[in-house]
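Chain by chain, the residues run as shown.
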Amino acid sequence: MREEMYSVEQVADLLGLHVRTVRGYIRAGRLRATRIGKQYRIARADLDALTGHPPTPPARSTSAEVSSIVQVDGVDRATADRLGTFVLAGANNGYDLAHPLRVQTVHDEERNRMKIVILGGTTATAGLLRMIDAVLDTDGGLLGREGGEAEDA
(Lines give C-alpha, C1' and ligand atoms only; values in the text may rest on other atoms or scores of the structure.)
Protein backbone atom coordinates (compact mmCIF):
# COMPACT_ATOMS: atom_id res chain seq x y z
CA MET A 1 0.00 0.00 0.00
CA ARG A 2 1.36 3.39 -1.01
CA GLU A 3 1.65 6.12 1.61
CA GLU A 4 -0.02 9.45 0.94
CA MET A 5 2.42 12.33 0.47
CA TYR A 6 1.74 16.07 0.75
CA SER A 7 3.51 19.12 -0.65
CA VAL A 8 4.50 21.98 1.64
CA GLU A 9 1.64 24.05 0.18
CA GLN A 10 -0.90 21.29 0.88
CA VAL A 11 0.30 20.92 4.47
CA ALA A 12 0.05 24.70 4.93
CA ASP A 13 -3.53 24.64 3.63
CA LEU A 14 -4.50 21.67 5.78
CA LEU A 15 -3.07 23.21 8.95
CA GLY A 16 -4.02 26.80 8.22
CA LEU A 17 -0.39 27.91 8.30
CA HIS A 18 1.80 29.97 6.03
CA VAL A 19 4.09 28.03 3.68
CA ARG A 20 7.14 29.63 5.30
CA THR A 21 6.04 28.35 8.71
CA VAL A 22 5.83 24.79 7.39
CA ARG A 23 9.28 25.11 5.80
CA GLY A 24 10.59 26.41 9.14
CA TYR A 25 9.15 23.35 10.89
CA ILE A 26 10.98 21.14 8.39
CA ARG A 27 14.30 22.98 8.82
CA ALA A 28 13.97 22.91 12.62
CA GLY A 29 13.26 19.17 12.58
CA ARG A 30 9.75 19.48 14.01
CA LEU A 31 8.29 18.00 10.81
CA ARG A 32 9.96 15.17 8.91
CA ALA A 33 10.03 15.61 5.17
CA THR A 34 11.69 14.04 2.16
CA ARG A 35 13.42 16.31 -0.30
CA ILE A 36 12.72 15.44 -3.93
CA GLY A 37 14.68 17.75 -6.18
CA LYS A 38 14.02 21.25 -4.90
CA GLN A 39 10.72 20.37 -3.22
CA TYR A 40 9.76 18.73 0.05
CA ARG A 41 7.21 15.95 0.41
CA ILE A 42 5.64 15.14 3.76
CA ALA A 43 4.28 11.67 4.53
CA ARG A 44 0.87 11.44 6.13
CA ALA A 45 2.34 9.59 9.12
CA ASP A 46 4.83 12.43 9.71
CA LEU A 47 2.07 15.01 9.46
CA ASP A 48 -0.02 12.99 11.94
CA ALA A 49 2.98 12.85 14.28
CA LEU A 50 3.27 16.65 14.20
CA THR A 51 -0.41 17.36 14.78
CA GLY A 52 -1.32 14.37 16.91
CA HIS A 53 -4.28 13.56 14.66
CA PRO A 54 -5.05 13.08 10.96
CA PRO A 55 -5.44 16.29 8.96
CA THR A 56 -8.90 17.48 7.99
CA PRO A 57 -9.26 18.69 4.44
CA PRO A 58 -10.31 22.32 4.01
CA ALA A 59 -14.05 22.82 3.69
CA ARG A 60 -15.12 23.32 0.14
CA SER A 61 -17.81 25.86 -0.39
CA THR A 62 -19.79 26.14 -3.53
CA SER A 63 -20.72 29.74 -3.84
CA ALA A 64 -21.41 32.00 -6.75
CA GLU A 65 -20.93 35.71 -7.10
CA VAL A 66 -22.95 37.87 -9.44
CA SER A 67 -21.80 41.06 -11.17
CA SER A 68 -24.67 43.24 -12.37
CA ILE A 69 -24.79 46.65 -14.02
CA VAL A 70 -28.13 48.44 -14.11
CA GLN A 71 -28.38 51.42 -16.45
CA VAL A 72 -31.18 53.92 -15.83
CA ASP A 73 -31.79 56.58 -18.49
CA GLY A 74 -33.61 59.88 -18.01
CA VAL A 75 -32.48 60.44 -14.42
CA ASP A 76 -31.58 63.92 -13.13
CA ARG A 77 -29.06 64.47 -10.31
CA ALA A 78 -31.65 64.73 -7.51
CA THR A 79 -33.41 61.53 -8.59
CA ALA A 80 -30.06 59.75 -8.95
CA ASP A 81 -29.14 60.76 -5.40
CA ARG A 82 -32.46 59.46 -4.04
CA LEU A 83 -32.19 56.22 -6.01
CA GLY A 84 -28.56 55.76 -4.93
CA THR A 85 -29.49 56.19 -1.27
CA PHE A 86 -32.37 53.73 -1.68
CA VAL A 87 -30.16 51.12 -3.36
CA LEU A 88 -27.38 51.44 -0.78
CA ALA A 89 -29.91 51.09 2.04
CA GLY A 90 -31.31 47.98 0.37
CA ALA A 91 -27.81 46.52 -0.03
CA ASN A 92 -26.99 47.15 3.64
CA ASN A 93 -30.06 45.41 5.01
CA GLY A 94 -27.96 42.73 6.72
CA TYR A 95 -29.36 39.92 4.59
CA ASP A 96 -26.07 38.03 4.49
CA LEU A 97 -23.52 39.45 6.91
CA ALA A 98 -20.83 36.97 5.84
CA HIS A 99 -21.06 38.07 2.19
CA PRO A 100 -22.38 41.64 1.98
CA LEU A 101 -23.34 43.19 -1.33
CA ARG A 102 -20.99 45.76 -2.80
CA VAL A 103 -22.73 48.58 -4.63
CA GLN A 104 -21.37 51.52 -6.61
CA THR A 105 -23.51 54.21 -8.24
CA VAL A 106 -22.45 56.67 -10.92
CA HIS A 107 -24.47 59.50 -12.47
CA ASP A 108 -23.64 61.04 -15.85
CA GLU A 109 -25.26 64.49 -15.84
CA GLU A 110 -24.45 65.09 -19.49
CA ARG A 111 -26.49 62.06 -20.61
CA ASN A 112 -28.99 62.04 -17.71
CA ARG A 113 -27.95 58.44 -17.09
CA MET A 114 -27.23 56.50 -13.92
CA LYS A 115 -25.38 53.21 -13.57
CA ILE A 116 -25.65 50.94 -10.56
CA VAL A 117 -22.95 48.26 -10.20
CA ILE A 118 -23.79 45.37 -7.86
CA LEU A 119 -21.41 42.59 -6.76
CA GLY A 120 -22.50 39.84 -4.43
CA GLY A 121 -24.25 36.54 -3.87
CA THR A 122 -26.99 35.35 -6.17
CA THR A 123 -29.89 35.51 -3.73
CA ALA A 124 -29.04 38.92 -2.25
CA THR A 125 -28.36 40.39 -5.70
CA ALA A 126 -31.65 39.04 -7.05
CA GLY A 127 -33.52 40.61 -4.13
CA LEU A 128 -31.85 43.98 -4.70
CA LEU A 129 -32.57 43.83 -8.44
CA ARG A 130 -36.26 43.10 -7.71
CA MET A 131 -36.32 46.10 -5.39
CA ILE A 132 -34.74 48.33 -8.05
CA ASP A 133 -37.23 47.03 -10.62
CA ALA A 134 -40.15 47.89 -8.33
CA VAL A 135 -38.84 51.43 -7.83
CA LEU A 136 -38.21 51.99 -11.54
CA ASP A 137 -41.54 50.50 -12.69
CA THR A 138 -43.07 53.23 -14.87
CA ASP A 139 -46.65 52.15 -14.12
CA GLY A 140 -46.58 51.90 -10.34
CA GLY A 141 -43.04 52.43 -9.09
CA LEU A 142 -41.94 55.32 -6.94
CA LEU A 143 -39.87 56.96 -9.67
CA GLY A 144 -42.49 56.24 -12.30
CA ARG A 145 -45.06 58.33 -10.37
CA GLU A 146 -42.72 61.26 -9.83
CA GLY A 147 -41.24 61.76 -13.25
CA GLY A 148 -44.02 61.01 -15.73
CA GLU A 149 -47.28 62.70 -16.53
CA ALA A 150 -50.52 61.14 -15.43
CA GLU A 151 -52.18 59.03 -18.11
CA ASP A 152 -55.76 59.63 -19.06
CA ALA A 153 -58.01 56.61 -19.01
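Residues numbered from 1 in each chain as written. Predicted model: local features only at pLDDT ≥ 70, side-chain atom pairs only at ≥ 80, totals over all residues. Heavy atoms only, no water.

Asker: Can you explain the overall build of the protein chain? Please cite residues and give values.
Answerer: A tally of helices and strands in the protein chain yields 6 helices and 6 strands. In the protein chain, the order of α-helices and β-strands from amino to carboxyl end is β-α-α-β-β-α-β-α-β-β-α-α. Looking at the protein chain as a whole, 27% of its 153 residues qualify as buried. For the protein chain, the proportion of contacts with a sequence separation of at least 24, taken over those separated by at least 6, is 56%. (Helix = DSSP H or I, 4+ residues; strand = E, 2+ residues; numbered from the N terminus. Buried < 20%, exposed > 50% of the residue type's maximum accessible area, 1.4 Å probe, protein only. Contact = heavy atoms within 4.5 Å.)

Asker: So what's going on with the sheet that holds strand β4 (residues 65–73)? Which residues, and what values?
Answerer: Reading across the sheet, the 3 strands line up as β4-β6-β5 and stay open at both edges, with antiparallel pairing between neighbours. Taken across any chain shown, the strands that pair with only one partner, and hence form the sheet edges, are β4 and β5 (102–108). Pairs of neighbouring strands in the sheet enclose a mean axial angle of 10°, with direction left out of account. Here β5 runs beside strand β6 (residues 113–121); their pairing, made up of 7 bridges, is antiparallel. Pairing of Thr 105 across the sheet is with Ile 116, part of β6. On top of the sheet, helix α5 (residues 122–136) reaches β4, β5 and β6; it is set at about 155° to β6, its chief contact. (Pairing = 2+ DSSP bridges. Axes fitted to C-alpha atoms, helices over the stretch in contact; angles between N-to-C directions.)

Asker: Which residues make up the packing of aromatic side chains, and what are the values?
Answerer: When we look at a pair of aromatic rings, we describe it by the centre distance and by the angle of the planes. Under the defined criterion, the tally for this structure stands at 0 aromatic pairs. Of note, Arg 35 hangs over the ring of Tyr 40, and the distance from its end group to the ring centre comes to 5.2 Å. (Phe/Tyr/Trp six-rings, centres within 6.5 Å; stacked < 30°, edge-to-face > 60°. Lys NZ or Arg CZ within 6 Å of the ring centre and 35° of its normal.)

Asker: Can you break down the environment of Ser 67 residue by residue, with the values?
Answerer: Relative to the assigned elements, Ser 67 resides in strand β4. The exposure class assigned to Ser 67 is exposed, which follows from its relative accessible area of 57%. Each C-alpha atom of the pair Ser 67 and Gly 121 lies 8.9 Å from the other, and the pair is 54 residues apart in sequence.

Asker: Explain the nonpolar core to me, and be specific about the residues and the numbers.
Answerer: Most often, soluble globular proteins keep nonpolar side chains buried together rather than apart. Counting 16 residues, the largest nonpolar core has Leu 83, Val 87, Val 103, Ile 116, Ile 118, Leu 128 and Ile 132 as the members making the most contacts within it. Elements with a minimum of two residues in this core: β4, α4 (77–91), β6 and α5. Dropping the residues within four chain positions of it, Val 87 is found in contact with Val 103, Ile 116, Leu 128 and Ile 132. Counting 12 residues, the second largest nonpolar core, distinct from the first, contains Val 8, Ala 12, Ile 26 and Tyr 40. (Core = buried A, V, L, I, M, F, W, Y, C linked by side-chain atoms within 4.5 Å.)

Asker: Residues and numbers for the confidence of the model for the protein chain, please.
Answerer: Across the protein chain, the average pLDDT comes to 83, with 79% of residues at or above 70. Long-range and interchain partners of residues 145–153, a stretch whose pLDDT sits below 50, account for 2 contacts in this model, where long-range means more than four residues apart. (pLDDT = per-residue confidence, 0-100.)

Asker: Describe in detail the side chain of Ser 7, supporting the description with residues and values.
Answerer: Along the polypeptide, Ser 7 turns up in strand β1 (residues 5–7). Judged by its relative accessible area of 11%, Ser 7 is buried.

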